[in-house]
Amino acid sequence: MWVYGMPGIGKTAIAHSICHRLQEIEQLGGSFFCRRDDPARSETKSVLPTLIYGLATIFGPYRDQMALALRDDPELKPQLTGGELFMRTLQSLKVHPLRTLVLVIDALDEC
């Protein structure tokens with residue numbers, strides 16, 4: 001889902017509400033809230049590592065596959081792979097979560 005609109009109309013509030021609800025029903029796979037005025041949250045290179053960490057925290061098989069990939073190539077950096085590590089690890093899973101897991105990114109245009 002893509003939520004768009006003028007600045008200040010509540011898109012971030014909606015994203016927070018969605019994350020809260022997804023967390024309650026154990027379907028939040030990870031989230032990233034961009035902020036132009038926060039150096040830690042204003043770089044696109046931070047998005048994938050944060051989502052990978054969130055997904056690895058909630059879904060053990062993904063965590064195991066990610067650990068294996070990083071162990072096999074210790075020079076591998078999630079933010080430098082353009083999503084390849086993220087997707088390759090997802091595609092290599094032999095089991096899938098019982099519920100759909102959702103990733104939420106807010107204000108990507110601020111990165």
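For the structure itself, consult the block above.
Residues numbered from 1 in each chain as written. Predicted model: local features only at pLDDT ≥ 70, side-chain atom pairs only at ≥ 80, totals over all residues. Heavy atoms only, no water.

Chemist: In this structure, what is going on with the overall build of the chain? I would like to understand it.
Modeler: The helix and strand tally for the chain stands at four helices and two strands. Helices and strands appear in the chain in the N-to-C order α-β-α-α-α-β. Along the longest, intermediate and shortest principal axes, the C-alpha atoms of the chain span 45 × 30 × 20 Å. The centroid of the 12 positive side-chain charges in the chain is displaced by 3 Å from the centroid of its 13 negative side-chain charges. (Helix = DSSP H or I, 4+ residues; strand = E, 2+ residues; numbered from the N terminus. Lys, Arg positive; Asp, Glu negative; His and termini not counted. Charge placed at Lys NZ, Arg CZ, Asp CG, Glu CD.)

Chemist: Would you take a moment to explain the environment of glycine 8 for this structure?
Modeler: For glycine 8, the location among the structural elements is in the segment before helix H1 (11-24). Along the backbone, glycine 8 and aspartate 64 are 56 residues apart, and their C-alpha atoms lie at a distance of 40 Å.

Chemist: Please explain helix H3 (residues 60-72) as it appears in this structure.
Modeler: Residues separated by three or four positions in an α-helix point in the same direction, a consequence of the helix having 3.6 residues per turn. Between its first and last C-alpha atoms H3 spans 18 Å; for 13 residues at 1.5 Å apiece the expected length is 18 Å, and the two agree. By the burial criterion, the buried members of H3 are Gly60, Tyr62, Met66 and Ala69. Here the buried face of H3 lies against helix H2 (47-58) and helix H4 (84-91). (Expected span 1.5 Å × (residues − 1). Buried < 20%, exposed > 50% of the residue type's maximum accessible area, 1.4 Å probe, protein only. Contact = heavy atoms within 4.5 Å.)

Chemist: I keep staring at the nonpolar core and nothing clicks. Help me out?
Modeler: In a soluble, globular protein the nonpolar side chains are often hidden away together inside. Counting residues in each nonpolar core, the largest one holds twelve residues, listed as Leu48, Ile52, Leu55, Ala56, Phe59, Tyr62, Met66, Ala69, Leu76, Leu85, Phe86 and Leu93. Broken down by secondary-structure element, the contributors of at least two residues to this core are H2, H3 and H4. Broken down by element, this core gets its largest block of residues, four residues, from H2. Leaving out residues up to four positions away in the same chain, leucine 93 has contacts with Phe59, Pro61, Tyr62 and Gln65. The next biggest cluster of nonpolar side chains, apart from the first, holds six residues, and it includes Ala15, Cys19, Leu22 and Leu28. (Core = buried A, V, L, I, M, F, W, Y, C linked by side-chain atoms within 4.5 Å.)

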